[in-house]
Amino acid sequence: MQLGTRWLAHTPTPQQLDGAVTDSVAEVERELSALKQDTSNWYWTLTYLENRPVVQLDDGTTIRVLHNGTITIEIEE
């Protein structure tokens, strides 16, 4: 695993993320805006596993790029 970076939710994603991952982050953040909970201090953490990005939000929501290029979003309940 390789550490990438952290950034505040609802701010621009790091430039090294490809468009599909950025779109997935935006999708999750749109869902966050519907919550009554204050998410303004939540952070995303970007790491790499086998050279593929893994992006995790402070609440445990995880976006992964699988070996075949498919992007998954796992939401912690």
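What this report covers is the structure whose coordinates are included nearby. (Residues numbered from 1 in each chain as written. Predicted model: local features only at pLDDT ≥ 70, side-chain atom pairs only at ≥ 80, totals over all residues. Heavy atoms only, no water.)

Judged from the three bridges that link them, strand β3 (residues 52-57) and strand β4 (residues 62-65) form a sheet pairing that is antiparallel. Note that in β4 the partner of V54 across the bridge is R64. Taking the residues between adjacent antiparallel strands as the criterion, β3 and β4 are bridged by four residues, where G60 takes a positive phi near 100 degrees. (Pairing = 2+ DSSP bridges. Helix = DSSP H or I, 4+ residues; strand = E, 2+ residues; numbered from the N terminus.)

So, on to helix α1 (residues 19-33). For α1, with 15 residues, the first-to-last C-alpha span of 21 Å sits near the 21 Å given by 1.5 Å per residue. What α1 keeps buried is the set V21, S24, V25, V28, E29 and L32. For α1, the angular spread of buried residues about the axis comes to 135 degrees, placing them on one side. Exposed residues lying more than 90 degrees from the buried face of α1 are D23, R30 and S33. (Expected span 1.5 Å × (residues − 1). Buried < 20%, exposed > 50% of the residue type's maximum accessible area, 1.4 Å probe, protein only. Arc of directions from axis to C-beta.)

This brings us to unusual backbone geometry. A positive phi is found at H10, a non-glycine position, where the angle reads about 70 degrees. Positionally, H10 belongs in the loop between β1 (2-8) and α1. Classification of H10 by relative accessible area gives partly exposed; the value is 39%. The backbone of N51 sits at a positive phi, close to 65 degrees, despite the residue not being glycine. You can see N51 is positioned in the loop between β2 (43-49) and β3.

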